[in-house]
Amino acid sequence: MEEKNAKSLFEGLKLFVRAIKAAHTIERKFFPAMFSADILNALTPYVVIYFSSLILNELSSDKRPEYLWKLVILTVTISGGLSIVGAILKHMKTKYREVFLFNYRRLYINKAFDMDYEDVSNQETFDLLSKISQAENWAGWGFENVIRTFSGLTRSITGIIGAFSLTISLFFIKAPAGNPSLQFLNTPLFMLLFFALMIGLSVIAGKLVGYCDACSAKLAESATLGNRIFGYFGFFSRSKRDVDVRMYDQSRIMNYYFNNDEYNAFSINGPFAKLAKGKGGICIGTAQGLSAILTGCVYLFTCLKAIAGAFGIGSIMRYVGAATQFSLYMADFVTSVSDIRNNAPFLENCFKYLDKPNHMYKGSLTTEKRADRNYDVEFKDVSFKYPGTDTWALRHVNVRFKVGKRLAVVGENGSGKTTFIKLLCRLYDPQEGEILLNGIDIKKYDYKDYIDIFSVVFQDYVLMSQPIADNVAGTDKYDVKRVTKALNDAGFSERLSTMPNGINTLIYKNYGESGVELSGGEEQKVAIARALYKDGPFLILDEPTAALDPIAEADIYSHLNSIVGDRTAIYISHRLSSCRFCDEIMVFDKGEIVETGTHEELLENNRGKYYELWNVQAKHYVEAAG
Ligand code: ADP
C-alpha cells in the first residue's frame, strides 16, 4: 500500500463503521455475541483480582475466619459463575464467528452475480478482487481485521475502565505521615507525573505495534504479487498441467520466481524478512521492553506506598495486577485505533468492489414463456467495440433470425462470431444500433427473463466438480428423467452407463477419488446436455464440436438435428462441412456479415468468402485423405 493511499483516522472510522454494518447483515448474532463475550472476558480478571486482594488484606490483618470464609465462597462463586458464562459466550462468539467467516464472502459472490458482465470480465475488476483476497489471505486485512479491531476495542475499553476503577484509589490513598522520606509519594505533582508515565509508556508501546502493522500494510502490493505467484506456481504441478511441467521442465520457471526477492515478498531476504529483522522487530521488541519497564515502575510505586503504610499486602496485589492490565489494555487500544487507519485502504478496496455500479439498463418487460417458441430476434445495424479498445469487433450487423430454423455462423478466427453471440445474449450492449425481441429493444426486458430464452454452449464453458446431474440441471433439485434424456440426446449415454453412480457420479477428483475425469469430447457432451436441459427457445452452440473427433461430431450433428425440434438453432463452427445442413449460413469477415445463403447458394459465388473458405478446407481434407 503506497503512502498516498494512507487514510486519516476519521476516514478509517467511517469505513470501519460501514464495514461493521455490512458484516452485521451477514450474521446478526455475531456482533452481539462477540461484544458480550469480550466485555466479560476483560472484566473477569478484575473480579478475581479484587476479591483476592480482599482475602489477602484480611489474612495480613484481622484474620477473621467467618469473614474469610464468606470472602472465599463469594470469590469462588463469582469467578466460577463468570467463567461458566464466559465460556458459554466464548463458545457462541466462536460459533458465530465461523458462520460469519464462512458466509461473508457471499457479499462478494452476490455482487459478482449482480454485476454487469462487462465489469465482471474486465482486468480492473479482476485486479481489485485479487487485491482484496490476497490482503485477506496474507494478513487478514479487510473484513477480518474489522472483527479483530472491534474485539480489541471492546476488550481494551472495558479493560481500561475496569483497571481505572480498581487503580484510582492508589493515587488518593495517602501514605501516613510517619515516614517523611516517602511523603513525596503524596504530592500531586508526583502522582500526576506517575500517571502520565503510565499513560505515556502504554501509548508509545501501542503506537510502536501500530507502526509495525502500518509498515507491514505498506507491503501489500508486494505481498499481493508474491501471493499471486505462489497461488499460480504453488499448485502448478496438477492434473492437466502435469505433462507439460515434466516435458518442458517448467519447475525452472517456478524456481526463478520463488527464489527471486523482487517477485516473492516472502522469501528469506524479501521485504517481510527485512521488516522483521529491521524496524518491525525493533518496534515490537521496544514495545515489549516498555511494557516491562512500566510494570516495574508500578511495582515500585505501589510497594513504596505500602512500605509507607498506605495499604496492606492485598492491595499491592490489586494495584499491581490492575495497573499491569491497564497498560496492556491501553497498548491494545492504541494498536486497535492504529489498525482502524491501517485497514482503511483495504476496506476501501472492498467497498470499491461492492459499490461498483451497474450501468447496463435493465427493463422490466417479461418475455412470457411462449409455448409456440415464437421469439423473433433481429439485429438492426449493430456495431460494437470491446470496452477499452478502439477497433470495431462487429460492424453494421443486420440479421433477422428465422424462428425455428437452423442458422450457421461461419468465418475465420477473430471475425466476430463469438462476439455476435455475446451481444445476442446481452453480455454486452452494442454502442450503435439495436437488438430487438419481438420488435422491442432487448434492453427493455427483464434481464433474467431475457437470458432465459437462450441455451448456449460457449467454447470456454466450465463444468463444476459436482455430480453430473447437478451440472446438467444447474441445481441439486432436478427432474431425473429430463436429465437422463438430455444426456442421451447429447450422445453421452454410452459413457454414462459405465459410470459407478450414474447421473450422481461426481465429475473430476477435486473432492476425492470417487470423482471421474472426462475427456474433452465427453465434457463437451455434458455441456450440450446442460443447454438441452435448460430448454431455451434458442439453442446456440459456439464451436460445440471442437474437441470431438469427426465420427463423434457427425454423431452429435445427426442427433442435434432431431433434438433441436422447433427451437431456433445457431451453430458456430470452423468446419464448414458441419454447416451444410443448415437453413441459412451467415459468413463473417472482419466483424461484418459479408454473405448469407444456403450452402449451395453460397458456393455459386466463386469470388465469395464462403467459397474461399470451403475450398481451403476441402483442399485440406483431400490432401489428408490422399
Ligand atoms: P471469433 O469468435 O470469430 O473467433 P471473436 O468474436 O472472439 O471472434 O473476436 C472478434 C474480435 O474481438 C477479435 O479481434 C478479438 O481479438 C476481439 N475480442 C474478443 N474478445 C475480446 C475481449 N474480451 N476484449 C477485447 N477484444 C476482444
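Before reading further, recall that the structure is shown in the block above.
These numbers were taken from a predicted model, which means no experiment stands behind them. Along each chain, residue indices are assigned from 1 in the same order as the chain's sequence is written. Whole-chain, interface and lining totals are the exception, using all residues; otherwise, since this is a predicted model, local features are given only for residues with pLDDT of at least 70 and side-chain atom pairs are given and counted only at 80 or more. The basis for every side-chain value is the complete set of non-hydrogen atoms in the structure, without hydrogens or water.

(A) Structural context of the site of the ligand. Throughout, the term near means that a residue has one or more heavy atoms lying within 4 Å of the molecule or strand in question. Surrounding the ligand, one finds Tyr386, Thr389, Ala393, Glu412, Asn413, Gly414, Ser415, Gly416, Lys417, Thr418 and Thr419. Between Tyr386 and the ligand, the recorded distance is 3.5 Å, taken from a side-chain N or O atom to a nitrogen atom. Between the ligand and the protein, one listed contact pairs an oxygen atom with a backbone N or O atom of Ser415 at 3.1 Å. Bound to the protein, the ligand loses 59% of the 560 Å² it would expose on its own. Runs of E in the DSSP output that reach at least two residues are strands. Runs of H or I that reach at least four are helices, and both are numbered from the N terminus. Here the element with the most residues in the shell around the ligand is helix 15 (residues 417–424); it accounts for 3 residues. Definition of a polar contact: a pair of N or O atoms within 3.5 Å, with one able to donate and the other able to accept a hydrogen when the atoms are protein atoms, and with sequence-neighbouring residues admitted only if both atoms are side-chain atoms. What sets the accessible areas is the Shrake-Rupley method with a 1.4 Å probe; for residues, cover comes only from the shown protein chains.

(B) Highlighting the packing of aromatic side chains. We call Phe, Tyr and Trp rings a pair once their centres come within 6.5 Å, taking the six-membered ring for Trp, and we label the pair stacked below 30 degrees between planes, edge-to-face above 60, and tilted otherwise. Overall, the coordinates contain 38 aromatic pairs when judged by the stated rule. With a centroid separation of 6.4 Å and an interplanar angle of 65°, the aromatic rings of Phe164 and Phe195 are classed as edge-to-face. With a gap of 31 residues between them, Phe164 in helix 7 (residues 143–172) and Phe195 in helix 8 (residues 188–218) connect regions that are remote in the sequence. Ring centres of Phe190 and Phe194 lie 6.5 Å apart, and the angle between their planes is 15°; on these two criteria the pair is classed as stacked. Here Phe194 and Phe190 lie together in helix 8, a separation of 4 residues that amounts to about one turn. Each member of the aromatic cluster is reached from another via a ring pair, and the members are Phe30, Phe31, Phe35, Phe100, Tyr104, Tyr108, Phe143, Phe150, Phe351 and Tyr353. Directly above the ring of Trp392 sits Lys385, whose terminal nitrogen or CZ lies 4.5 Å from the centroid. Over the ring of Trp392 we find Arg395; its NZ or CZ atom is 4.0 Å from the centre of that ring. A ring is scored as having a charge over it whenever the NZ atom of a lysine or the CZ atom of an arginine sits within 6 Å of its centre and within 35 degrees of its normal.

(C) Focus on the layout of surface pockets. Here a cavity denotes grid points, spaced 1 Å and computed from the protein atoms alone, that fit a 1.4 Å probe unable to get out, and a pocket denotes an open set having protein on both sides within 12 Å along at least 5 of 7 lines; residues with an atom within 4 Å of a point are the lining. Grid points are joined across faces, edges and corners, and a volume is the space filled by probe spheres set on the points. Approximately 1,500 Å³ is the volume found for the largest pocket. Looking at the largest pocket, it is lined by 33 residues, and the ones nearest its centre are Phe113, Leu427, Ile451, Phe458 and Lys534. For the lining of the largest pocket, the elements supplying multiple residues, two or more each, are helix 4 (106–114), helix 5 (117–120), helix 16 (447–451), strand 6 (454–457), helix 17 (468–473) and helix 20 (520–534). Considering each element in turn, the lining of the largest pocket owes the most residues, 5 residues, to helix 20. Split by domain, the residues of the lining of the largest pocket number at least three in each of domain 1 (3–219 + 265–354) and domain 2 (403–432 + 443–625). What counts as a domain boundary in this text is fixed by an automatic or database domain assignment.

(D) Here's a closer look at the pattern of salt bridges. Salt bridge, as used here, is a side-chain nitrogen of Lys or Arg placed within 4 Å of a carboxyl oxygen of Asp or Glu. On inspection of all chains with the given rule, the structure shows 26 salt bridges. A salt bridge links Arg155 to Asp332; the nearest nitrogen and oxygen atoms lie 3.4 Å apart. Note that Arg155 is positioned in helix 7 and Asp332 in helix 14 (residues 313–354), a separation of 177 residues in sequence. Owing to a relative accessible area of 23%, Arg155 belongs among the partly exposed residues under this scheme. Only protein chains enter the calculation, and the probe is 1.4 Å; a residue is then buried if its accessible area is under 20% of its type maximum, exposed if over 50%, and partly exposed in between. The class of Asp332 is partly exposed, set by a relative accessible area of 24%. Its salt-bridge partner being Arg400, residue Asp376 comes within 2.5 Å of it at the nearest N-O pair. With Asp376 in the loop between helix 14 and strand 1 (377–385) and Arg400 in strand 2 (residues 392–400), this residue pair connects regions lying 24 residues apart in the sequence.

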